[in-house]
Amino acid sequence: MSNSTKTKFFVELIKPSHYDDDGYVIQWRRSWIPSNTLVCIYGLTQDAAEQNTLGSDVEFDINAYDEMNIVIPVADIIRRFKDGGGNGVVLFVGVQSNQFPRTMDIARKLRDEHIQVAIGGFHTSGCIAMLPQLPEELKEATEAGITLFAGEAEEGKLINLLKDAYQRKMKPLYNFLGDLPGLEGQPMPIMPTSVAKRLVSKIGCFDAGRECSFLCSFCTVINVQGRKSRYRNPDDIEKLIRSNLSNDINDFFLTDDNFARNKNGEAVFDRLIDLRENHGFKHVKFTMQIDSLAHKIKNFVSKAASAGCRRVFIGLESINPENLEAVNKRQNKITEYRKMFQTWRNASHSSILWNH
Ligand code: SF4
């Protein structure tokens, strides 16, 4: 069948920004931090298209936007849907609480044109996981005919939603919080070129795992993604890095909320070390997020340095022990901070961490 006879199915992926105090959308000519959810959902949608999940006579048309660095072309999206037969769905991905009002403002315009819309991300998932009933803004969304998506999209969960969207039978709520997917062998995150070129520097991102084993009371991660380590395997990560390198991306943001608690973390480090030392990938480098006890894990700091880590974000939250106690962040001991900083600093001075 030629392309011209295929039915078009539009998938528009939008990572929204949020309003400032004066009501302007916060936006930059170039942004720095890539959205991991956007690249994960883009990879899953691409995979759904390649697998012909909606049938061989359906052609996917996928577009992705990060509103931090682009004006969302709402009128163009509406026109595309109308001109292309109206099949498809707009997915608002990775929507945080402060982004929800902005999301709703765009979503309402799309619903006015009868375009199917779904909202996922930590606000939807966190509210459904932690509150006894839907808060007003989520009720408003469902009343406006917007679908809510709670949980994660791997293991065919996004495909199920896309199939329902194709039939125009999307449910008001997809709740997968009780069925967290494994990540091994799942379609890998793919950075859309259109989004990559709007970042300050060429940087890729991926989550090597999802979870955190700690119990900080303010943290949504453990309520949405759980406390049991789920992780990608080193083969998948090598594949992902090689494919990014072919697009000139050698700098990565590991978006695991806490890579130090990734049960496969050491195997990932070992693979990166092997790639750097034996396969000519010395220029691969990354930034990661860890906890304040990570430096105590045997070999963690030295292997991170050898694997190409050039920057870590550490969740200190406070230097007031009472505040830390109050939010159940007992793993943070301010008396340990100096030693921790020095351990990481020594690694950065070892000429391994900065040897690029
Ligand atoms: S250490 Fe970080 S990711 Fe883990 S529970 Fe605390 S705040 Fe959440």
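Definitions and limits used
Residues numbered from 1 in each chain as written. Predicted model: local features only at pLDDT ≥ 70, side-chain atom pairs only at ≥ 80, totals over all residues. Helix = DSSP H or I, 4+ residues; strand = E, 2+ residues; numbered from the N terminus. Rg over C-alpha atoms; globule rule 2.2 N^0.38 Å. Buried ≥ 20, exposed ≤ 12 C-beta atoms within 10 Å, placed from the backbone. Contact = placed C-beta atoms within 7 Å. Pairing = 2+ DSSP bridges. Axes fitted to C-alpha atoms, helices over the stretch in contact; angles between N-to-C directions. Near = placed C-beta within 6 Å. Nonpolar A, V, L, I, M, F, W, Y, C, P; charged D, E, K, R; others polar. Parallel < 35°, antiparallel > 145°, perpendicular 65-115°, else oblique. Left-handed = near helix turned anticlockwise from the far one by under 90°. Domains from an automatic or database assignment. Right-handed = clockwise from strand over helix to strand, strands pointing away.

Attention shifts here to the overall build of the protein. The helix and strand tally for the protein stands at 13 helices and 12 strands. Taking 356 residues into account, the globule formula puts the C-alpha radius of gyration at 21 Å, and the protein, at 21 Å, falls close to it. With the C-alpha coordinates aligned to their principal axes, the bounding extent of the protein is approximately 60 × 50 × 40 Å. Relative to its full complement of 356 residues, the protein shows a buried share of 42%. Counting contacts in the protein only where the partners sit at least 6 residues apart, residues at least 24 apart contribute 81% of the total.

Taken together, the 4 strands give an open sheet; going across it, the order is β7-β10-β11-β12, and neighbouring strands pair in parallel fashion. Whereas interior strands pair on both sides, the edge strands pair on one side only; in this sheet they are β7 (204–206) and β12 (309–314). Between one strand axis and the next, the sheet turns through 20 degrees on average, direction left out of account. Pairing analysis gives 3 bridges linking β7 to strand β10 (residues 251–254), with the strands arranged parallel. Across the sheet, residue G204 finds its bridge partner in β10, namely F252.

Moving on, we come to the site of the ligand. In the vicinity of the ligand, the residues found are C212, F214, C216, C219, V221, I222, D257, N258, D291 and G315. Looking at the shell around the ligand residue by residue, the classes come out as 6 nonpolar, 2 polar and 2 charged.

A word on the packing of helix α9 (residues 234–245) against helix α10 (residues 265–278). One can describe the packing of α9 onto α10 by two numbers: an axis separation of 9 Å at closest approach and a directional angle of 40 degrees. As summarised for this structure, α9 and α10 are arranged oblique, according to the angle between their axes. You can see that α9 and α10 cross each other, and the crossing is right-handed. Between α9 and α10, the contacting residues are P234, I237, E238 and I241 on the first element and A267, V268, R271 and L275 on the second. Per-class residue counts for the contact of α9 with α10 are 6 nonpolar, no polar and 2 charged.

Further remarks concern unusual backbone geometry. One non-glycine residue, E211, adopts positive backbone phi at about 150 degrees. When you line up the elements, E211 lands in the loop between β8 (209–210) and α8 (221–224). Take E211: there are 20 C-beta atoms within 10 Å of it, and that puts it in the buried class.

All right, on to the domain arrangement of the protein then. Note: interface size is frequently given as the accessible area lost on complex formation between the parts. Domain parsing of the protein yields domain 1 (3–175) and domain 2 (201–349). Taken over C-alpha atoms, the centre of domain 1 sits 29 Å from the centre of domain 2. Elements with a minimum of two residues in the side of domain 1 that touches domain 2: α1 (36–50) and α4 (122–130). For the side of domain 1 that touches domain 2, the per-class residue count stands at 6 nonpolar, 3 polar and no charged.

Attention now moves to the environment of C309. Counting through the fold element by element, C309 comes out in strand β12. In this structure the C-alpha to C-alpha distance between C309 and L254, which are 55 residues apart in sequence, comes to 9.8 Å.

It is worth spelling out the pairing of β12 at this point. Pairing of strand β11 (residues 285–290) with β12 involves 5 bridges; the strand directions are parallel. If you follow F286 over to β12, its bridge partner there is C309. Considered for its hand, the β-α-β crossover made up of β11, helix α11 (residues 300–307) and β12 is right-handed.

We now examine the sheet that holds strand β5 (residues 147–150). With parallel pairing, 6 strands are arranged side by side in an open sheet as β2-β1-β3-β4-β5-β6. Two strands lie at the open edges of the sheet, namely β2 (58–66) and β6 (173–175), each paired on one side alone. Each strand axis lies, on average, 20 degrees off the axis of its neighbour in the sheet, ignoring direction. Of the strand pairs in this sheet, strand β1 (residues 7–15) and β2 are connected by 9 bridges, and their pairing is parallel. The partner of E12 across the bridge, within β2, is N63. This element, α4, spans β4 (117–119), β5 and β6 of the sheet and lies at about 75 degrees to β5.

As a further point, take the pairing of β5. With burial as the criterion, each face of β5 is covered, one bearing T147 and F149 and the other bearing L148 and A150. The sheet contact formed by β4 and β5 spans 2 bridges and is parallel. Its bridge partner lying in β5, I119 is registered against L148. In this view, the connection linking β5 to its parallel neighbour β6 by way of helix α6 (residues 157–166) has left-handed handedness.

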